[in-house]
Amino acid sequence: VTAGDGVESLSADAVVVGTGAGGGPALATLAEAGLEVLALEAGPRLSAADFVADEAISRTRLGRIAVTSEGLQSFYAGTCVGGSTVVNDALCFRAPPEVLEAWRREHALGPLADELPGYVERAWRDVHAEPTDRAHTNRNARALERGARRLGWEAGPMHRSVRGCANLGRCNFGCPTDAKQSSLVAWVPRAERAGARVLANARVDRIRVAAGRVAGVDATRLDPATREPRVRLRVEAPLVVLAAGVLASAPLLRRSGIGGGRAGRGFQAHSSAYVTARFAQAIHGYYGPTMGYAVSEFADVNGRAGPGYVLENTAVQPMQTAAVLPGFGAAHARAMAALPHLAHAVVVLRDRTRGEVAPGAAGADPRVDYALGAEDLGRMRHAFSSAARLFLASGAEEVLLPVEGSAPIRSERDLGAIERLPLDRTRLTLLYAVHLFGGAPMHGRRSEGVCDPEGACWDAQGLVVADASSLPGNTGVNPQITIMAHALRVAEAAIARRPPR
Amino acid sequence: VSAPDHGLAASAAADLAPLDRRAFLRWLGALAAAGLLPAACTRAPAGLAAPAGLRFLSPRTWSVLNAAAARIAGPRGAELVATGRVDPALRADEFLAGAPALARPLAQALLALELGVFPLVAKLRPFTALAPEQQDAVLAELAASRFATKRRIYGGLRSIALLGFYAAPEARALTGYPVGSPRPSAGIADAMDWPEDG
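Residues numbered from 1 in each chain as written. Chains lettered and ligands numbered in written order. Predicted model: local features only at pLDDT ≥ 70, side-chain atom pairs only at ≥ 80, totals over all residues. Heavy atoms only, no water.

Engineer: Would you mind going over the overall build of chain B with me for this structure?
Structural biologist: Helix and strand counts for chain B come out as 11 helices and zero strands. Going from the N terminus to the C terminus, chain B shows its helices and strands as α-α-α-α-α-α-α-α-α-α-α. Of the contacts made within chain B by residues no fewer than 6 positions apart, 64% connect residues no fewer than 24 positions apart. When the accessible surface of chain B is summed, it comes to about 8,100 Å², and 60% of that surface belongs to carbon and sulfur atoms. (Helix = DSSP H or I, 4+ residues; strand = E, 2+ residues; numbered from the N terminus. Contact = heavy atoms within 4.5 Å. Areas by Shrake-Rupley, 256 points an atom, 1.4 Å probe, with all protein chains shown as cover.)

Laid out in structure tokens, this is it:
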């Protein structure tokens, strides 16, 4: 309905903001419970036929980049129907028990710690998480496996949410065969079959609250081609599920005057950087699942007591590789010309740093205050050394660190040089994160959190946060399944809390 | 964890965005925008003509970026740039359409590279007027500088130049990457089997 003031009006039992790892499962849960649900997604709706094998094109179409307010670290998130699950690597981990216990102890989240594992198993089944078998273990993964075996380090194949992976190496570009069980493939169609409506290119600008109760959202329909505002949209709904992703959810709460001074705080990440190895044999690291094997020797979860990072194989695409290799000119070009012989290990660091995410200036990216601390950088250095040892043990001819001015590591004797490298963030070729957490954290005490232990906003009845924003911290493992499980639980709790019709 | 080539764009953004807060770079950009720099400083140097339709780069900054990209991309890349078969600056201009906030700090960084002299940049003449090996020395000095702002100028320009360069399929082909093979079954079979494994 379009009113005389040019504002389009819609109403629903519930509106879900975002369609990624949080929004997708919440949308399906609400729709299957019989609610009339509307999902608003700021990005476009694409399908397998739209996904192309071109790094340069995928970048701009599927995701957004944000940088910290002082620069030096970047964040990436998917911005289309399906969210970051469209561009992620489909990796599945159960929420580690140590993390759940810490949340119980430090955030008064006993019910979450007790109940989440059950929802994890549901999400695990629903997205078809399966172990990466030999037929889907590429040479890059096998390089990590061989090094770990020779060093006696704990390692193994990761689980992935796929059905019939064709080894195309395009998980990050949008899966062109729908093998990856992204939210776009697994959750959104399921919700639509149950009657949910999904509006793409609809950006939520504000959550409306009246007398302590959520009333709906104000949004803007965007032109799909230009991304310029087209029509204002007003949605009336007694239940709003916020799942716009960590870079958007807390800023939206703040713009809406919800959460007080706590909204935006507690932002955390898994900071990442690449270590690259050159082998005599061709690796062809651009084929096969983009990720599939993890070295967990140095993790601090799942029974490990290491410094707190995991090393995982990752795709060897030209533009990404150009970014992470140090130097310029002939030396950089020589390394690039060996691309088929290169392998990457990405460090997934469980940061101890915490920061804040806030709205940017009008129309601008969010402001992220996050300065990776000296202790975290020290653990990153440890990870570079471990990755270099791993690759040398697996037979690499040389290992290249993502540090400007660093020399190639060609033997164990060279490893000492890593300890002497100046390693402030301006010298890293690429320091980034795609696993983001916090900004609207749950806490058992109202004075300490934005949401209660069921993800419901303390300050606005009928508003729940179902993405990683409401998780109280990082997980030490790839969080896709944890977020999906969290969203299922939050949505079910929201249904149970609804006043009778 | 990895993502579709966010790397070059992300590292460019991480290095360039905060440069806009450096006063001397802002002044340099403002003077150029106001037409207060000598004409010789703002006119594109002789050589390839800037393409029509640039939205964010001026003819001058286009030529400075391509000069830097030619050195950053290495010898074979320099040949592609010199002959106009790959235009990293044009590709960068296209990229800026999706990241317009980076246009100003990039222009400032390019002007600093072109017009900066000792002690800001280790040279006395415009970057585009230097011999290739002198240009390499300028970039190396920025990369190794003890001043974080200079390292950021280097990092940002390096990322934008590499982004513009490798965005071209001709440049990616230099790496041995199978450009244009969406379902290369033979290559995939090789990648999934490692005979030496065991």
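Engineer: Help me understand empty space enclosed by the protein, please; the structure alone is not making it clear to me.
Structural biologist: Any empty space left between atoms is shown by rolling a water-sized probe over those atoms. Under the defined criterion, the tally for this structure stands at five cavities of 30 Å³ or more. Size it by volume and the largest cavity reaches roughly 170 Å³. If you go around the largest cavity, you meet 17 residues; those closest to its centre are T426, L428 and T429 of chain A together with D15 and G155 of chain B. Of all elements in the fold, only α1 (6-16) and α9 (148-166) of chain B reach the threshold of two or more residues within the lining of the largest cavity. Taken together, the residues that form the lining of the largest cavity break down as seven nonpolar, five polar and five charged. Around the second largest cavity, the lining comprises 14 residues; the ones closest to its centre are C165, L168, R170, C171 and C175 of chain A. Class assignment for the residues of the lining of the second largest cavity results in eight nonpolar, three polar and three charged. (1 Å grid on protein atoms, 1.4 Å probe; cavity = no way out; pocket = protein on both sides within 12 Å on 5 of 7 lines; lining within 4 Å. Points joined across faces, edges and corners; volume = space filled by probe spheres on them. Nonpolar A, V, L, I, M, F, W, Y, C, P; charged D, E, K, R; others polar.)

Engineer: Would you explain the packing of helix α6 (residues 88-96) of chain B against α9 of chain B in this entry?
Structural biologist: Packed helix pairs are characterised by how far apart their axes lie and by the angle those axes make with each other. All names here are of chain B. For the pair α6 and α9, interaxial distance at closest approach is 7 Å and the crossing angle is 100°. Classified by the angle their axes make, α6 and α9 are roughly perpendicular. On α9, the residues that touch P88, R91, A92 and F95 of α6 are I160, A161, L163, G164 and F165. Considered class by class, the residues forming the contact of α6 with α9 number seven nonpolar, one polar and one charged. (Axes fitted to C-alpha atoms, helices over the stretch in contact; angles between N-to-C directions. Parallel < 35°, antiparallel > 145°, perpendicular 65-115°, else oblique.)

Engineer: What is the right way to read the environment of F165 of chain B from this model?
Structural biologist: Residue and element names in this part refer to chain B. Within the element layout of this structure, F165 appears in helix α9. Separated by 88 residues in the primary sequence, F165 and G77 place their C-alpha atoms 7.9 Å from one another. If we ignore the near neighbours within four places in the chain, the residues touching F165 are A73, G77, L80, V81, V86, P88, A171 and L174.

Engineer: Help me understand the packing of aromatic side chains, please; the structure alone is not making it clear to me.
Structural biologist: To describe a pair of aromatic rings, one takes the distance between the centres and the angle between the planes. On inspection of all chains with the given rule, the structure shows 12 aromatic pairs over all chains. Ring centres of Y286 of chain A and Y287 of chain A lie 5.0 Å apart, and the angle between their planes is 80°; on these two criteria the pair is classed as edge-to-face. Ring centres of F328 of chain A and Y154 of chain B lie 6.0 Å apart, and the angle between their planes is 65°; this geometry places the pair in the edge-to-face category. Of the two residues, F328 of chain A is situated in the loop between α8 (318-324) and α9 (329-337) and Y154 of chain B in helix α9; the pairing between them involves two chains. There is no split in this pair, since F328 of chain A and Y154 of chain B are both buried. Here the aromatic residues F75, F267 and Y370 of chain A are joined through ring pairs into a cluster of three or more. Positioned above the aromatic ring of W194 of chain B, the side-chain terminus of R146 of chain A is 4.4 Å from the ring centre. (Phe/Tyr/Trp six-rings, centres within 6.5 Å; stacked < 30°, edge-to-face > 60°. Buried < 20%, exposed > 50% of the residue type's maximum accessible area, 1.4 Å probe, protein only. Lys NZ or Arg CZ within 6 Å of the ring centre and 35° of its normal.)

Engineer: Help me understand the nonpolar core in this model?
Structural biologist: Inside soluble globular proteins, nonpolar side chains tend to come together where they are buried. Counting 234 residues, the largest nonpolar core has L40, L253, F384, F391 and L463 of chain A as its most contacted members. Residues within four places of F391 of chain A in sequence aside, it is in contact with A143, L144, V275, T276, A277, F279, A343, H344, A345, A396 and V399 of chain A. (Core = buried A, V, L, I, M, F, W, Y, C linked by side-chain atoms within 4.5 Å.)

Engineer: I keep staring at the interface of chain B and chain A and nothing clicks. Help me out?
Structural biologist: Many descriptions give the size of an interface as the accessible area lost when the pieces come together. Taken together, the contact pairs 56 residues of chain B with 78 residues of chain A. Approximately 5,300 Å² of surface area, both sides summed, lies buried where chain B meets chain A, with 60% of it carried by carbon and sulfur atoms. Summed over the shared surface of chain B and chain A, the result is three salt bridges. Salt-bridge contacts for R151 of chain B lead to D424 of chain A; the nearest nitrogen and oxygen are separated by 3.5 Å. Linking chain B with chain A are 14 residue pairs in polar contact (both at pLDDT 80 or more), by the criterion used here. At the level of elements, α1, α4 (59-72), α8 (132-144), α9 and α11 (185-191) of chain B are the ones that each hand at least two residues to the side of chain B that touches chain A. (Buried area = accessible area lost by both parts, 1.4 Å probe. Salt bridge = Lys/Arg side-chain N within 4 Å of Asp/Glu carboxyl O. Polar contact = N/O pair within 3.5 Å; in protein donor to acceptor, adjacent residues only side chain to side chain.)

Engineer: How do you make sense of the sheet that holds strand β9 (residues 159-161) of chain A when you look at a structure like this?
Structural biologist: The strands that make up a sheet pair up through hydrogen bonds in the backbone, lying either parallel or antiparallel. Strands sit in the order β6-β9-β7 (chain A) across an open sheet of three strands; the sheet is antiparallel. Whereas interior strands pair on both sides, the edge strands pair on one side only; in this sheet they are β6 (91-92) and β7 (129-131) of chain A. (Pairing = 2+ DSSP bridges.)

Engineer: Please explain the environment of G18 of chain A as it appears in this structure.
Structural biologist: Residue and element names in this part refer to chain A. Along the chain, the position of G18 falls in the loop between β2 (14-17) and α1 (23-32). Once the C-alpha coordinates of G18 and L199 are considered, the two residues, 181 residues apart in sequence, prove to be 9.9 Å apart. Once residues within four sequence positions are removed from consideration, G18 is found in contact with G23, L40, E41, A243 and A244.

Engineer: What am I meant to see in the pairing of strand β22 (residues 432-437) of chain A here?
Structural biologist: For a regular strand, the rule is simple: side chains alternate between the two faces of the sheet. All names here are of chain A. Most of β22 is tucked away: five of the six residues are buried. Taken together, the two bridges between strand β5 (residues 74-78) and β22 define a ladder with parallel strand orientation. Counted as the bridge partner of S74 is Y432 from β22. With four bridges connecting them, strand β15 (residues 265-278) and β22 associate as antiparallel partners. Of the residues in β22, the one forming a bridge with A269 is L436.

Engineer: How should the pattern of salt bridges be read in this particular structure?
Structural biologist: It is possible for side chains of opposite charge to pair when their charged atoms get near one another. Residue and element names in this part refer to chain A. As enumerated under the stated definition, the model contains 42 salt bridges over all chains in all. Note that R489 and E115 form a salt bridge whose closest N and O atoms lie 2.9 Å from each other. Here R489, found in helix α12 (residues 480-497), pairs with E115, found in helix α4 (residues 110-126); they are 374 residues apart in sequence, far enough to count as distant. For E297, the salt bridge goes to R304, with nearest N and O atoms at 3.3 Å. Given the relative accessible area of 24%, R304 is considered partly exposed.

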